[in-house]
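Chain residues, written in single-letter form:
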Amino acid sequence: FGCEIWGGDRNAFLKLGPEERYEFLLDTKADMYGSGITQEQRCTLDKCHSYCMRASLDSCREAQWRQDCLAGNPLLYDCDVDCDSANRSVLPGALTALTLIVLKTIF
């Protein structure tokens, strides 16, 4: 709910209890999708969701999001969402460690 398309402010959501959050999510989603969304809005939502999955979760949910994102076939509506960005990668950390080792060996 920190993305602009959802209002840009997640404080209202964070202040709610579990049951209130559930109702808030249902109502907000119904309001968003009730009148229909454009392809551009759908793409923006996918990008927001992909970012939030990567930033907020540390579980198998990222893989579930990736499958859901790819199943939505974003290329059909000309969306450049990175469905894989939800997957945490060890490559940047491994690359940094390897670079440090090489630099230490050279110098």
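Bear in mind that the values here come from a model prediction, so they are computed numbers and not experimental data.

## Quick word on the packing of aromatic side chains
For step 1, the next point in the chain: For the coordinates displayed, the defined rule picks out 1 aromatic pair.
For step 2, the next point in the chain: Ring plane angle 40° and centroid distance 6.1 Å describe the contact between Phe-13 and Phe-24, whose orientation is recorded as tilted. On the criterion of sequence distance, the pair formed by Phe-13 in helix 1 (residues 11-14) and Phe-24 in helix 2 (residues 18-34) is long-range, its members being 11 residues apart.
For step 3, the next point in the chain: The class for Phe-13 is buried, based on a relative accessible area of 16%.
For step 4, the next point in the chain: Sitting over the ring of Phe-13, Arg-21 keeps its end group 4.8 Å from the ring centre.

## Here we look at the state of the cysteines
For step 1, the next point in the chain: Under the criterion given, the structure shown has 3 disulfides.
For step 2, the next point in the chain: The residue that forms a disulfide with Cys-3 is Cys-48, at a sulfur-sulfur distance of 2.0 Å. Across the S-S bond of Cys-3 and Cys-48 the torsion is about 100°, and the bridge reads as right-handed. Placement of the pair is Cys-3 in the segment before helix 1 and Cys-48 in helix 3 (residues 39-56), with a sequence separation of 45 residues.
For step 3, the next point in the chain: When its relative accessible area of 4% is taken as the criterion, Cys-48 is described as buried.
For step 4, the next point in the chain: Here Cys-69 is linked by a disulfide to Cys-83, with a sulfur-sulfur distance of 2.0 Å. Its S-S torsion of about -60° marks the bond between Cys-69 and Cys-83 as left-handed, since a negative value means left-handed. Of this pair, Cys-69 sits in helix 4 (residues 61-71) while Cys-83 sits in the loop between helix 4 and helix 5 (91-106), and the two are 14 residues apart along the sequence.
For step 5, the next point in the chain: For Cys-69, a relative accessible area of 2% translates into the label buried.
For step 6, the next point in the chain: Of the cysteine sulfurs around Cys-52, a residue in no disulfide, the closest is that of Cys-48, at 4.1 Å.
For step 7, the next point in the chain: Here Cys-52 falls in the partly exposed class, since its relative accessible area comes to 24%.

About the criteria used
- Residues numbered from 1 in each chain as written.
- Predicted model: local features only at pLDDT ≥ 70, side-chain atom pairs only at ≥ 80, totals over all residues.
- Heavy atoms only, no water.
- Phe/Tyr/Trp six-rings, centres within 6.5 Å; stacked < 30°, edge-to-face > 60°.
- Helix = DSSP H or I, 4+ residues; strand = E, 2+ residues; numbered from the N terminus.
- Buried < 20%, exposed > 50% of the residue type's maximum accessible area, 1.4 Å probe, protein only.
- Lys NZ or Arg CZ within 6 Å of the ring centre and 35° of its normal.
- Disulfide = S-S within 2.5 Å.

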